[in-house]
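Geometric and topological summary
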Amino acid sequence: MIQFDLLRDLARRELLDHLDKYAGTKVLVWDEGLTAPLDLIAKHSVLRERQVDKMVPLKAGRLPVDLGQFDNVVFMVRPDVHLMDAVADNVQREESAHGTRAEFHIMFVPQRSLLCEMRLKEKEVFGSFTFLDELSLFWFPLDIDVISMENRSVFRDYHLNDDPTCLNRVAKGILALQSVFGVIPKVYGKGPAARQVYEFMVQMRKESIAHENPVIGKIDSLIIIDRQIDLITPFLTQLTYEGLIDETFGIKFNSVRLPAHKFKAPDSPNDDFDDPDPFEMKTIPLHSGEDMFCELRDKNFNAVGPTLSKKAKYVSSQFEERHEAKTVQELKSFVDKLPQMKILKQSLSIHTTIAELVKKATDDRRFLENLQVEQELVNFQNADRPLDYLEDACCHEEEIVKVLRLICLQNVVNSGVKPKILEHYRRLILQTYGYKHLLTLQSLERLGLLNLQSQVSRNYPVLRKRLNLTMDDTDEQDPSDIAYVHSVYAPLSVRLVQNFAHPGWQSIKDVLELLPGPTVAETQNVPANLKKVKDENHQATTLVLFVGGCTFAEISALRFLSQREESNTEFLVATTALINGDTFVESLMTQVDDNLAPRFV
């Protein structure tokens, strides 16, 4: 079984090798967008071993450190042109203040950019850098079976701004994976972004095949899913444990921040004297290394309560064994189990608290009404309900992302909305939230997420029937279908992957033609001595790459397919970003300063 932990080890080694190039003490100036992802690769304690004595965020102005005490200043940034202005400002101010003995270096993650270098030259600081390096870190391992580029702008950049640069990086990322896990012989995909990524892969491989790392293949096939072919799934509320934590509180880089006082034990010191600080937050790690979370994460939330209850009874019975132990051997056996039982008890307490916080949010009337509207939409029921609900939501001034999310869902399911409703939605948004959102509405129109209903190409009804996308009798406690992740709806993207595994995409060729963009079905040449070795118990390994982001619910659905008894395929997940409906909508919004927003009288 492939585990992506290997990528973390390789990335850490490459990062440390780069830092070793800069002799002496170092100040690391981080692009804040990289702080959390790189923390997954190397903790500060590891960097200290390479004489990184200070770490500061990248901001315009002078650096908040005395550079007279350091030999090197290393800027670690993404290849974004706007970041170069802050880098240049730092360098200019430090050099003009009183000079510095420190050398300046810049490390681009994951690759250098000609446009960034041109901006540094325009700012007249290009010559101030001793080293301009690149850290080829395309993927951040979020779990043993999930890697992410953590770039939420890919969908917007390609589908809205017509900029394929982001897909060039995706293709480079795949080639980087192949240098570790071997060339993937079969490549499939659907959507314009999938085709573009594959074409970039072919071009890059031709240019570098002489230097290709000779590694025996470990992955049988790659499926590239363009987010554009399934825009329903990200707008729906996720109903798995991990998905709902993300929907409610937001998961960032394998952790969630929650009110600290909720996790304090009743008998903790000073509990009777100090009022808890409601603003103090506690960071809770969420990853498969914790057995309890690993068991809960992919369950429908309605199955979490019974599971926690069983665990609580088990823990209680184990601790009761100490009263039943009568011999020295029995006491020793209990003591040996005690450390593990304490860990389990603490983990149980943490997840019981998290589940209670999530339940409080899901029991809210607004949440339940919104969920009902979503489920009625995907089931083609009560067509007028969204309009009434959205009018009420705007009256209560709900977050605009929640309102836009539901409008987009209605638009995708119904292939647009009627002219009067469309105009009503526009007026509702602009009058409630301000004309600064006019550009956002225009962006959604260009993406086909807010437009007039088409009577010609209403594809969802056909897709729903042919792919069995909705189910009324989903067993949430002991599911038999991937629809459990949304209770009534099976993610279209994962249903396509399921059909790929069995019986194959040839059986749904007519369905694929209904989805936007070309279908990819290609073979990459692999030298005979590097082909994956098969045996009688061979289990196929398929890497599913989401271009434009994927949800925790989709990951749970893919894990469900891997774990089924009849399955002979292990699915791994790569994505350009982990998203939910709110973050996806936010990535499509155009931010305009209130003072610059157009005024209409």
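For the structure, see preceding data.
Going along each chain's sequence as written, the residues are numbered from 1 onward. The model is predicted, so local features are restricted to residues of pLDDT at least 70 and side-chain atom pairs to those at 80 or more, both for listing and for counting; the totals for chains, interfaces and linings are taken over all residues. Think of the side-chain values as coming from all heavy atoms in the structure, minus any hydrogens and water.

Quick look at the overall build of the protein
The helix and strand inventory of the protein stands at 23 helices and 14 strands. Between the two quantities, the radius of gyration covers C-alpha atoms and the globule rule is 2.2 Å times the number of residues to the power 0.38. Here the C-alpha radius of gyration of the protein, 26 Å, is about what a compact globule of 601 residues would show, namely 25 Å. Structurally, the protein occupies a C-alpha span of about 80 × 70 × 65 Å along its principal axes. Looking at the protein as a whole, 52% of its 601 residues qualify as buried. Contacts in the protein between residues far apart in sequence, at least 24 positions, make up 80% of those at least 6 positions apart. For the accessible areas, the method is Shrake-Rupley and the probe is 1.4 Å, while residue cover comes only from the protein chains on display. Of the roughly 28,600 Å² of accessible surface on the protein, a fraction of 50% belongs to carbon and sulfur atoms. Positive and negative charge centroids in the protein, built from 70 and 88 side chains respectively, lie 2 Å apart. Secondary structure elements are defined from DSSP: runs of H or I of at least 4 residues count as helices, runs of E of at least 2 residues count as strands, and each element is numbered from the N terminus. Relative accessibility decides the category of a residue: with a 1.4 Å probe and only protein chains considered, values under 20% of the type maximum give buried, values over 50% give exposed, and everything between is partly exposed. Contact between two residues is taken to exist if any of their heavy atoms lie within 4.5 Å; hydrogens are not considered. We count Lys and Arg on the positive side and Asp and Glu on the negative side, and we leave His and both chain ends out. Throughout, a charge is located at the NZ atom of Lys, the CZ atom of Arg, the CG atom of Asp or the CD atom of Glu.

A word on the sheet that holds strand β4 (residues 103-108)
Backbone-to-backbone hydrogen bonds join strands into a sheet, with any given pair of strands oriented parallel or antiparallel. By the convention used here, strands pair only if DSSP detects at least 2 bridges between them. The five strands are arranged β2-β1-β3-β4-β5 in an open sheet whose pairing can be described as parallel. The sheet is open, and its two borders are formed by β2 (52-57) and β5 (129-134), each paired with just one other strand. The mean inter-strand angle of the sheet, taken between neighbouring strand axes irrespective of direction, is 20°. Taken together, the six bridges between strand β3 (residues 72-77) and β4 define a ladder with parallel strand orientation. The partner of M76 across the bridge, within β4, is M107. Sheet contacts for helix α1 (residues 5-21): β1 (26-30), β2, β3, β4 and β5; angle to β5, the most-contacted strand, approximately 170°. Docked against the sheet, helix α2 (residues 32-39) engages β1, β2 and β3, running at close to 110° with respect to β1. To define axes, lines are fitted to C-alpha atoms, for helices over the stretch in contact only, and angles between the resulting N-to-C directions are given on a 0 to 180 degree scale.

Quick notes on helix α10 (residues 241-248)
Within α10, seven of the eight residues are buried, which leaves the element mostly enclosed by the surrounding structure. For α10, the complete set of buried residues consists of Y241, E242, G243, L244, I245, D246 and E247. Where α10 ends, the next residue or the one after it, G250, has phi of about 85°, a positive value.

Focus: the state of the cysteines
We call a pair of cysteine sulfur atoms a disulfide when they lie within 2.5 Å. This model, assessed by the stated rule, comprises zero disulfides. Looking at C395, it has no disulfide partner, and the nearest cysteine sulfur is the one in C394, 7.2 Å off. Overall, C395 belongs to the exposed group, its relative accessible area being 67%. Unpaired in terms of disulfides, C408 finds its nearest cysteine sulfur in C394, a separation of 13 Å.

Things to note about the sheet that holds strand β7 (residues 146-148)
Reading across from one edge, β6-β7-β14-β13-β9-β8-β12 is the order of the seven strands in this open sheet, with mixed pairing throughout. The sheet is open, and its two edges are formed by β6 (140-143) and β12 (519-523), each paired on a single side. Taking the axes of each pair of neighbouring strands and ignoring which way they run, one obtains an average angle of 20° across the sheet. Bridge count between strand β8 (residues 186-190) and strand β9 (residues 221-226): five bridges; the pairing is parallel. When the bridges of β9 are listed, G189 appears paired with I224. Across the sheet, helix α8 (residues 192-208) lies against β8, β9, β12 and β13 (540-547), angled at about 25° from β12, the strand it touches most.

Some points on empty space enclosed by the protein
In the cavity and pocket records, a cavity denotes points on a 1 Å grid over the protein atoms alone where a 1.4 Å probe fits but cannot get out, a pocket denotes an open set with protein on both sides within 12 Å along at least 5 of 7 lines, and lining residues are residues with an atom within 4 Å of a point. Grid points are joined across faces, edges and corners, and a volume is the space filled by probe spheres set on the points. Following the criterion strictly, the structure yields four cavities of 30 Å³ or more and no others. Here the residues of the lining of the largest cavity are counted per class, giving six nonpolar, two polar and four charged. Throughout this entry, Asp, Glu, Lys and Arg are counted as charged residues, while Ala, Val, Leu, Ile, Met, Phe, Trp, Tyr, Cys and Pro are counted as nonpolar. The remaining residues, Gly among them, count as polar.

Re the packing of aromatic side chains
Aromatic pairs are defined between Phe, Tyr and Trp rings, using the six-membered ring for Trp, whenever the two ring centres lie within 6.5 Å; interplanar angles under 30 degrees are classed as stacked, those over 60 as edge-to-face, and all others as tilted. According to the stated counting rule, one finds 13 aromatic pairs in the structure shown. On the basis of an interplanar angle of 70° and a centroid distance of 6.0 Å, the ring pair of F4 and F181 is categorised as edge-to-face. In this pair, F4 is assigned in the segment before α1 and F181 in helix α7 (residues 165-181), connecting sequence segments 177 residues apart. By the ring-pair criterion, three or more aromatic residues cluster together here, those being F75, F104 and F129.

Topic: the pairing of β1
Of all five residues making up β1, five are buried, and the element is well covered by its neighbours. Taking every second residue as pointing to the same face, both faces of β1 are buried, with K26, L28 and W30 on one and V27 and V29 on the other. By the bridge criterion, five bridges tie β1 to β3 in an arrangement that is parallel. Looking across to β3, one finds that K26 is bridged to N72. Pairing between β1 and β2: five bridges, direction parallel. Pairing of V29 across the sheet is with V56, part of β2.

Brief notes about the side chain of H159
Position of H159 relative to the elements: it lies in helix α6 (residues 154-160). In terms of polar contacts, H159 uses its side chain to reach the side chain of D226, at 2.9 Å. The residues touching H159, leaving out its near neighbours within four places in the chain, are P192, A193, D226, Q228 and L447. The term polar contact refers here to a pair of N or O atoms within 3.5 Å; inside protein, the definition further demands a hydrogen-donor-capable atom paired with an acceptor-capable atom, and it admits residues adjacent in sequence only when both atoms are side-chain atoms.

A closer look at a nonpolar patch on the surface
Patches here are clusters of residues that have more than 30% relative accessible area and form no salt bridge, with a 9 Å joining cutoff for like charges and a 5 Å cutoff for nonpolar side chains (Val, Leu, Ile, Met, Phe, Trp, Tyr). Salt bridges are defined by distance alone: a side-chain nitrogen of Lys or Arg within 4 Å of a carboxyl oxygen of Asp or Glu. A cluster of nonpolar side chains, L114, L115 and M118, forms an exposed patch at the surface whose accessible area comes to about 330 Å². Looking at where L114 falls in the secondary structure, it is placed in helix α5 (residues 114-122).

Remarks on the packing of helix α16 (residues 400-413) against helix α23 (residues 581-588)
Closest axis-to-axis distance for the α16/α23 pair is 9 Å, and the angle between their directions is 95°. Considering the angle they form, α16 stands roughly perpendicular to α23. Mapping the contact onto sequence places V401, K402, L404 and R405 in α16 and G581, D582, V585 and E586 in α23. Of the residues in the contact of α16 with α23, the class split is three nonpolar, one polar and four charged. Angular relationships are summarised with four words: roughly parallel below 35 degrees, roughly antiparallel beyond 145, roughly perpendicular across 65 to 115, and oblique for the angles in between.

Quick word on the nonpolar core
Counting residues in hydrophobic clusters, the biggest one holds 107 residues, and the most contacted among them are Y241, Y489, L496 and L558. Here this core takes nine residues from α16, the largest share from any one element. Each residue touching L496, except ones within four places of it in the same chain, is listed here: I229, L467, W505, I508, L512 and L515. Residue types Ala, Val, Leu, Ile, Met, Phe, Trp, Tyr and Cys, when buried and joined through side-chain atoms within 4.5 Å, form a set referred to as a nonpolar core. The next biggest cluster of nonpolar side chains, apart from the first, holds 36 residues, and it includes M149, I184, V187 and V547.

Considerations on the side chain of R385
Here R385 lies in helix α15 (residues 385-395). Accessibility expressed as a relative area gives 19% for R385, which makes it buried. The contact partners of R385, leaving out residues within four places of it in the chain, are E369, Q372, V373 and E376.

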